[in-house]
Amino acid sequence: RRRSRPAPAFSSEAARQVLARLRAWKVQHDEDRARQAGPFFKMVWDGIFGDDDGAVTEAIAEIETALAAR
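This report concerns the structure included in the present document. Bear in mind the structure is a predicted one, so any value in this text is a computation, not a measurement.

## Details of the overall build of the chain
Phase 1: Assigned secondary structure in the chain consists of two helices and zero strands.
Phase 2: For the chain, the C-alpha radius of gyration of 16 Å lies well beyond 11 Å, the compact-globule estimate for 70 residues.
Phase 3: Projected onto its principal axes, the C-alpha coordinates of the chain cover approximately 45 × 30 × 15 Å.
Phase 4: Across the 70 residues in the chain, those meeting the buried criterion constitute 17%.
Phase 5: Contacts in the chain between residues at least 24 apart in sequence constitute 71% of all its contacts with a sequence separation of at least 6.
Phase 6: Accessible area for the chain stands at about 5,700 Å²; split by element, carbon and sulfur atoms hold 56% of it.
Phase 7: Distance from the positive charge centre (12 side chains) to the negative charge centre (11 side chains) of the chain: 8 Å.

Below you can see the structure in the form of structure tokens.
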């Protein structure tokens, strides 16, 4: 069981830098997926990278929410 730890200090600038890197990853990922030939290879791509894509999409939303609340 993990112990509760206080959240680290939130730096808006650091969050914006991470957000920019995550958005760039997402754009590159989407472009690479679009280049896959046919639905079978897109399905394989999603099977390999789907979890990463979901995690990045979720992280982007969380950072955007945190920045909007500031």
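## Looking at helix α2 (residues 38–68)
Phase 1: Between its first and last C-alpha atoms α2 spans 39 Å; for 31 residues at 1.5 Å apiece the expected length is 45 Å, and the helix comes up short by more than 12%.
Phase 2: Helix geometry: α2 is bent most strongly at F49, by close to 60°.
Phase 3: Buried residues of α2: W45, D53, V56, I60, I63 and L67, and no others.

## Considerations on the pattern of salt bridges
Phase 1: This model, assessed by the stated rule, comprises five salt bridges.
Phase 2: With a shortest N-O distance of 2.3 Å, R35 and D32 are connected by a salt bridge.
Phase 3: Since its relative accessible area comes to 56%, R35 is described here as exposed.
Phase 4: A relative accessible area of 22% means that D32 is categorised as partly exposed.
Phase 5: Between D46 and R33 there is a salt bridge, with its nearest N and O atoms 2.7 Å apart.

Conventions adopted
- Residues numbered from 1 in each chain as written.
- Predicted model: local features only at pLDDT ≥ 70, side-chain atom pairs only at ≥ 80, totals over all residues.
- Heavy atoms only, no water.
- Helix = DSSP H or I, 4+ residues; strand = E, 2+ residues; numbered from the N terminus.
- Rg over C-alpha atoms; globule rule 2.2 N^0.38 Å.
- Buried < 20%, exposed > 50% of the residue type's maximum accessible area, 1.4 Å probe, protein only.
- Contact = heavy atoms within 4.5 Å.
- Areas by Shrake-Rupley, 256 points an atom, 1.4 Å probe, with all protein chains shown as cover.
- Lys, Arg positive; Asp, Glu negative; His and termini not counted.
- Charge placed at Lys NZ, Arg CZ, Asp CG, Glu CD.
- Expected span 1.5 Å × (residues − 1).
- Bend = angle between axes of the 7 residues up to and from the residue.
- Salt bridge = Lys/Arg side-chain N within 4 Å of Asp/Glu carboxyl O.

Remember that the coordinates give geometry; whether it matters functionally is a separate question.
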